[in-house]
Amino acid sequence: GIDFKASQRPAGPYVEIDSSYTATESATFPVPMTTPTIFAIDFGTSNSLLAAASSEETFPPVPLDDEASDATVLRTALFFTRLSAGGTFGAAAIRAFVENGFRGRLIRSIKRHLPSRSFTKTRVGDQFVALEDLIGAFLKAMRERACKHFGVDVRRVVMGRPALFSSDPECD
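This text gives an overview of the structure that appears in the document. (Residues numbered from 1 in each chain as written. Predicted model: local features only at pLDDT ≥ 70, side-chain atom pairs only at ≥ 80, totals over all residues. Heavy atoms only, no water.)

A look at the sheet that holds strand S6 (residues 77-80)
Part 1 of the reasoning: If you walk across this open sheet you meet the three strands as S7-S6-S8, and the pairing is antiparallel. One side of each edge strand has no neighbouring strand; the edge strands of this open sheet are strand S7 (88-89) and strand S8 (105-108).
Part 2 of the reasoning: Here S6 runs beside S7; their pairing, made up of two bridges, is antiparallel. Note on S7: the bridge partner recorded for Leu78 is Phe89. (Pairing = 2+ DSSP bridges. Helix = DSSP H or I, 4+ residues; strand = E, 2+ residues; numbered from the N terminus.)

Observations concerning helix H1 (residues 91-99)
An α-helical segment advances 3.6 residues per turn. Residues three or four places apart therefore align on the same side.
Part 1 of the reasoning: Those residues of H1 that sit buried are Ala91, Ala92, Ala93, Ala96 and Phe97.
Part 2 of the reasoning: Buried residues in H1 make contact with strand S5 (74-75), S6, S7 and S8. (Buried < 20%, exposed > 50% of the residue type's maximum accessible area, 1.4 Å probe, protein only. Contact = heavy atoms within 4.5 Å.)

Some remarks on the pairing of strand S4 (residues 47-53)
Part 1 of the reasoning: Pairing of strand S3 (residues 38-43) with S4 involves six bridges; the strand directions are antiparallel. Directly across from Asp42, in S4, lies its bridge partner Leu49.
Part 2 of the reasoning: The hairpin formed by S3 and S4 contains three residues between the paired strands.
Part 3 of the reasoning: Judged from the two bridges that link them, S4 and S5 form a sheet pairing that is antiparallel. Residue pairing for S5: Ser48 is matched across the bridge by Leu74.

A word on the sheet that holds S5
Part 1 of the reasoning: Read across the open sheet, the four strands follow the order S5-S4-S3-S11; overall the sheet is mixed. Among the strands making up the open sheet, the edge pair consists of S5 and strand S11 (157-159).
Part 2 of the reasoning: In the sheet, S3 pairs with S11 via three bridges, with the strands oriented parallel. Across the sheet, Ala40 pairs through a bridge with Val158, a residue of S11.
Part 3 of the reasoning: Contacts from helix H2 (residues 131-150) reach S3, S4, S5 and S11 within the one sheet, and its direction differs from that of S3 by about 140°. (Axes fitted to C-alpha atoms, helices over the stretch in contact; angles between N-to-C directions.)

Notes on the packing of aromatic side chains
Part 1 of the reasoning: Scanning the model with the defined rule gives six aromatic pairs in all.
Part 2 of the reasoning: For the pair Phe89 and Phe138, a centre-to-centre distance of 5.9 Å together with 70° between the ring planes defines the contact as edge-to-face. Residue Phe89 is located in strand S7, and its partner Phe138 is located in helix H2; the two are separated by 49 residues in the primary sequence. The exposure classification of Phe89 matches that of Phe138, with both residues buried. (Phe/Tyr/Trp six-rings, centres within 6.5 Å; stacked < 30°, edge-to-face > 60°.)

Some words on the environment of Val157
Part 1 of the reasoning: Of note, Val157 is situated in strand S11.
Part 2 of the reasoning: Classification of Val157 by relative accessible area gives buried; the value is 0%.
Part 3 of the reasoning: Each C-alpha atom, one on Val157 and one on Ile41, is 7.0 Å from the other, the two residues being 116 residues apart in sequence.

Shown next as structure tokens:
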């Protein structure tokens, strides 16, 4: 799973993500002068992006979705036929949903449900899954794809939060 830890960064609300994933495949692209030590994730309602940096450089946009017209933009979409089979993410999720005869669980724009007190879990196959676990699976997939791209195991991630998360001050 993903372990969220509060960051000590002074500029606002951030979390660090720590996962047990280890990049094992070697890179098939020109190796930059340095390797990234931190990822920055923009988890968007419709699309998500991931940037990488080290203390020496900021890297070009990270390709996360080979099936997208712009590989650096990962549609915030998840598809499951059953939970044990794992999920499909991005453009592949929408393609898989269509290829599966519109059977299964396609979830788009999952971020918009975060401020909702009534949406805490949903059904995937014959199991109920917490909203946080679905988002965690999506973020983990982003991290794994970026680690594979760079051929490194980056364990630090910076994420921001919307200036206004919910119109309800208690949920914000």
